[in-house]
Protein chains: 2
Amino acid sequence: LTTLRFAKRFENLSGSAVREILKLTQQKDIISFGGGMPSADSFPVDELAKLAADTFADHGEQMLQYGTSEGYQPLREWIAGWLKAKGWNVTVDNILIISGSQQGLDLTSKAFLDPGDQVVIESPSYLSAFQIFNSYQASYLAVPSDDQGMKMDELEKVLVNNNPKLIYSIPTFQNPTGITMTLERRKQLIELANKYDVIIIEDDPYGYLRYSGEPVPSLKALDTEGRVIYLGSFSKIVAPGLRVGFAVADPAILGKMVIGKQATDVHTSNLSQQIVYRYCSQGMLEPHIEKICAMYKAKRDAMLAAMDRHFPKEVTWTRPEGGLFIWCTLPEGLVSAELLKEAVAKKVAFIPGAPFYLGGQGQNMMRLNFSNAEMDLIDEGIKRIGEVLTDAVKNI
Amino acid sequence: LTTLRFAKRFENLSGSAVREILKLTQQKDIISFGGGMPSADSFPVDELAKLAADTFADHGEQMLQYGTSEGYQPLREWIAGWLKAKGWNVTVDNILIISGSQQGLDLTSKAFLDPGDQVVIESPSYLSAFQIFNSYQASYLAVPSDDQGMKMDELEKVLVNNNPKLIYSIPTFQNPTGITMTLERRKQLIELANKYDVIIIEDDPYGYLRYSGEPVPSLKALDTEGRVIYLGSFSKIVAPGLRVGFAVADPAILGKMVIGKQATDVHTSNLSQQIVYRYCSQGMLEPHIEKICAMYKAKRDAMLAAMDRHFPKEVTWTRPEGGLFIWCTLPEGLVSAELLKEAVAKKVAFIPGAPFYLGGQGQNMMRLNFSNAEMDLIDEGIKRIGEVLTDAVKNI
């Protein structure tokens, strides 16, 4: 092979740096607070096994044949009914089944983005979303966040002076910060999107995982002009290995996403869709969410208590009401990517903050995952990180 | 919503016209030779049900967790071994598991195509591939085919005068023609790709379905410089509803496809991968292929015999040695899309030829699928189409 003339999109697209870090953290005996995985012991293995068997018995041939790109109709209908019961103004025509909510980011990008088109992101944000937008050669407008979510005065400054097609937000239990956007900010966000004619992507993989505080309406529920594309996922509330999520959008938008889906994987695995449909329609989802929320609440509380015990007072962190992540801020000058090496030497791991920013910020930030940590190792792991941080703070 | 500023790629991208035709053909009582689906009664439902149950029992938690983008390692290894046993020079590092071979076309396009980049297609070709290349705003160089496949003298003319990045071919039991490229042409194709430095996509969903004649080596087996990207599928030999296929390529190319896959569906359904892995590694695949080949051979023979009986002598057609399709040429001046309406009135359906061409040719062509036809309705359905054709030929 003399030359490989890859597409220009790869000039901004590399394998995720964090994947390399995660490989490190998969060493034996490492206590890992990296990754963003649900806890495998939360998976309802036996129930799903039975539902798989039922699917083969009841609809085996039909399930194994090609399906429609829009998704398994009963699952679409169940999701529409579920959201309607939450007060959303949706019908089955607003629902597209996707192969994990990440595919929704790809299909939305495919529908809207030409090279150079602007995407507003809240800063910091989900690093794999950057990978996807990069693969469409997007340019970025980063809006800073505080403890109430994306800052709306900063957003308006950006919208006045630019012409983005998309605003990407994880408003609830954000990745990486764990912060939830307040209702007032959400209303402002919808108003600004209406005023400046921008589409909002509401990425909501964690919204169902609330452990304390009061629920806040989703952006989609506040959407007055059909300009919110909502991406939901069964990965964190049933199981990620099945690869089932859903998009909720205006039919004009959804139609483009369906064409995009036809041109990628044709449709999502029918077996996965049937299993998720049966799980939901047989009333198992809500009790399961309650169960995993109890499990994750205990882990979150254990991690926060351990951090209170072991982290030096110069370090601060968020206290999320749900989701999977806690976000730590170290004193200026400390570089979390460097400290990770010391932590790994002590057999504990986290994710450094910089990859969650586009502009080189976040060097002194780090993300801790509690959902996939083992309950009885949380204190020990946090204690070891605390030792690394205490040493580092001393040596500033 | 005042405006929807969709991406430019949608200017050339619409829902598949054939999907609309297929909806027609799903009316009750229609004998459909449309579509390109395997026969649902070929699916090994009970075996797959048992393997699904085994998967849950043996690796339930692990299977339901996130997996790697490259695919389930034992399945990658099994495929590498299977291909090696066929004489291919491959290792596990050449194998990427994809969500159906169609995703391979998307990931290959993502790896190589910038807007305006040229793709060589054999004409006619698989219409959904056009949709995918359109979604990357490719431009096309169409090379005509004859009963030996793509014409190599015509291909060289095109390569001398242009600079395409990709050559897209379905060399074995082509869609829509059913034709298999000869060994001589295959060798020439590899030589030309080497000489003009072009990547070849070998799309091979049907290659395992041979009912007569001698096997011809795949392009990938003849590849001397690692420039063939082979796309294989379990859709036609196990079941399409599981959405599992595989790409075989040089690691430098595969690496870009993996990054593309990370940015779309993260990984293929683990449950689907495990089921396919167990099916293959427990020795069920080869006997199953034998079984469905016997089934499809009978259907092909029945359809060809019925065509001999009922079609007017002015109509000609291919006699494929495998695959799913027979391709018919009507006398010049007849328009198969018009005749389809008369056929549907007689409760029988086929796919008109024009969508398989990019330049408006194929008006007098039509594609017949025999794999998904019911054996005892083939003669009756072909008889009805024969009546439509006989009338049409009389009225030229």
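The rules we used
- Residues numbered from 1 in each chain as written.
- Chains lettered and ligands numbered in written order.
- Predicted model: local features only at pLDDT ≥ 70, side-chain atom pairs only at ≥ 80, totals over all residues.
- Heavy atoms only, no water.
- Helix = DSSP H or I, 4+ residues; strand = E, 2+ residues; numbered from the N terminus.
- Rg over C-alpha atoms; globule rule 2.2 N^0.38 Å.
- Buried < 20%, exposed > 50% of the residue type's maximum accessible area, 1.4 Å probe, protein only.
- Areas by Shrake-Rupley, 256 points an atom, 1.4 Å probe, with all protein chains shown as cover.
- Least-squares fit on C-alpha atoms with pLDDT ≥ 70 in both.
- Contact = heavy atoms within 4.5 Å.
- Pairing = 2+ DSSP bridges.
- Disulfide = S-S within 2.5 Å.
- Core = buried A, V, L, I, M, F, W, Y, C linked by side-chain atoms within 4.5 Å.
- Buried area = accessible area lost by both parts, 1.4 Å probe.
- Salt bridge = Lys/Arg side-chain N within 4 Å of Asp/Glu carboxyl O.
- Polar contact = N/O pair within 3.5 Å; in protein donor to acceptor, adjacent residues only side chain to side chain.
- Expected span 1.5 Å × (residues − 1).

Novice: Sorry if this is basic, but what is going on with the overall build of chain A here?
Specialist: When helices and strands are tallied, chain A shows 13 helices and 14 strands. The C-alpha radius of gyration computed for chain A amounts to 21 Å, which stays within 12% of the reference 21 Å derived for 396 residues, consistent with globular compactness. In terms of overall dimensions, chain A has C-alpha extents of about 65 × 60 × 55 Å along its principal axes. Counting all 396 residues of chain A, 63% fall into the buried class. Accessible area of chain A: about 13,900 Å², with a carbon and sulfur share of 50%.

Novice: Please clarify how the relation of the copies chain B and chain A should be interpreted in this entry.
Specialist: Both copies of the chain are tied together by a single rotation about an axis and a shift running along it. Take chain B, turn it by 180°, move it 0.0 Å along the axis, and it overlays chain A with an RMSD of 0.0 Å. Here the symmetry operator amounts to a two-fold rotation axis. Comparing contact sets, 100% of the residues at the interface of chain B also lie at the interface in chain A, consistent with an isologous, same-surface contact.

Novice: Even after reading the chapter, I still don't get the sheet that holds strand 11 (residues 325–329) of chain B, so can you show me in this structure?
Specialist: What holds strands together in a sheet is hydrogen bonding between their backbones, with the strands either parallel or antiparallel. Residues and elements named next belong to chain B. Sheet architecture is open: 4 strands sit in the order 10-11-14-13, paired in antiparallel fashion. Of all strands in the sheet, those with a lone pairing partner are strand 10 (316–317) and strand 13 (351–352), marking the two edges. Strand direction decides the pairing type here: strand 10 and strand 11, joined by 2 bridges, are antiparallel. Its bridge partner being in strand 11, tryptophan 317 is matched across the sheet by cysteine 328.

Novice: Any chance you could explain the state of the cysteines here in plain terms?
Specialist: Each disulfide consists of one covalent bond between the sulfur atoms belonging to two cysteines. Residue and element names in this part refer to chain B. Per the counting criterion, the structure on display carries 0 disulfides over all chains. Its sulfur unpaired, cysteine 280 is 15 Å from the next cysteine sulfur, which belongs to cysteine 293. Among the residues examined, cysteine 280 registers a relative accessible area of 3% and is labelled buried.

Novice: Mind showing me how you'd approach the pairing of strand 8 (residues 228–233) of chain B here?
Specialist: Residues in a regular strand project their side chains so that they alternate between the two faces of the sheet. All names here are of chain B. Most of strand 8 sits inside the fold, with 6 of its 6 residues counted as buried. In strand 8, alternate side chains face the same way, and those of Val228, Tyr230 and Gly232 on one face and Ile229, Leu231 and Ser233 on the other are all buried. Both strand 7 (residues 199–203) and strand 8 contribute to a ladder of 4 bridges, which runs parallel. Along strand 8, the bridge assignment pairs isoleucine 201 with isoleucine 229.

Novice: Help me understand the nonpolar core, please; the structure alone is not making it clear to me.
Specialist: The tendency in soluble globular proteins is for nonpolar side chains to be buried as a group. Counting 239 residues, the largest nonpolar core has Phe246, Phe311 and Leu368 of chain A together with Phe246, Phe311 and Leu368 of chain B as its most contacted members. Looking at which element gives the most residues to this core, the answer is helix 11 (residues 285–310) of chain A, with 10 residues. Beyond its immediate sequence surroundings of up to four residues, phenylalanine 311 of chain B is in contact with Ala306, Trp317, Cys328, Met366, Leu368, Ile382, Ile385, Gly386 and Leu389 of chain B.

Novice: Help me out: how do you make sense of unusual backbone geometry in this one?
Specialist: Most peptide bonds are trans, and most residues other than glycine sit at a negative phi. In this model, asparagine 175 of chain A is joined to proline 176 of chain A through a cis peptide bond whose omega is 15°. Within the element layout of this structure, proline 176 of chain A appears in the loop between strand 6 (166–169) and helix 7 (183–196). At lysine 347 of chain B, a position not held by glycine, the phi torsion is positive, near 65°. The topology assignment puts lysine 347 of chain B in the loop between helix 12 (336–345) and strand 12 (348–349). Given a relative accessible area of 33%, lysine 347 of chain B falls into the partly exposed group.

Novice: Is there a simple way to think about the environment of leucine 166 of chain A in this case?
Specialist: Within the secondary structure, leucine 166 of chain A sits in strand 6. In this structure leucine 166 of chain A touches Thr108, Phe112, Leu113, Gln118, Val119, Val120, Val198, Ile199 and Ile201 of chain A, once residues within four positions along its chain are discounted.

Novice: Is there a simple way to explain the interface of chain B and chain A in this structure?
Specialist: Contact with chain B, which involves 81 residues of that partner, is made by 82 residues of chain A. Between chain B and chain A, the buried area comes to about 6,800 Å², and carbon and sulfur atoms account for 58% of it. Across the contact surface, chain B and chain A share 4 salt bridges. The residue lysine 110 of chain B makes a salt bridge to aspartate 106 of chain A at a minimum N-O spacing of 3.1 Å. Summed over the shared surface of chain B and chain A, the result is 36 residue pairs in polar contact (both at pLDDT 80 or more). Elements supplying a minimum of two residues to the side of chain B that touches chain A: helix 2 (45–64), helix 4 (101–112), helix 5 (127–135), helix 9 (251–262) and helix 10 (270–281) of chain B.

Novice: Which parts of the structure should I look at to understand helix 5 of chain B?
Specialist: An α-helix turns once every 3.6 residues. As a result, residues three or four positions apart point the same way. Taken across its 9 residues, helix 5 of chain B has 9 buried, putting it largely inside the fold. Those residues of helix 5 of chain B that sit buried are Leu127, Ser128, Ala129, Phe130, Gln131, Ile132, Phe133, Asn134 and Ser135 of chain B.

Novice: Looking at this structure, how should I read helix 9 of chain B?
Specialist: Between its terminal C-alpha atoms helix 9 of chain B stretches 16 Å, which fits the 16 Å expected from 12 residues at 1.5 Å a residue. At the N-terminal end of helix 9 of chain B, a side-chain oxygen is found 3.0 Å from the backbone nitrogen of alanine 252 of chain B, two or three residues along, and the residue is aspartate 250 of chain B.

Novice: How should I be thinking about the pattern of salt bridges in this particular structure?
Specialist: Two side chains with opposite charge may pair up if their charged atoms get near one another. Residue and element names in this part refer to chain B. Evaluation of the coordinates by the stated rule reveals 44 salt bridges over all chains. With its nearest N and O atoms 3.1 Å apart, the salt bridge here joins aspartate 58 to arginine 278. Of this pair, aspartate 58 sits in helix 2 while arginine 278 is found in helix 10, placing the two residues 220 residues apart along the sequence. The class for arginine 278 is buried, based on a relative accessible area of 9%. When the shortest N-O distance is used, the salt bridge between lysine 297 and aspartate 301 registers 3.0 Å.

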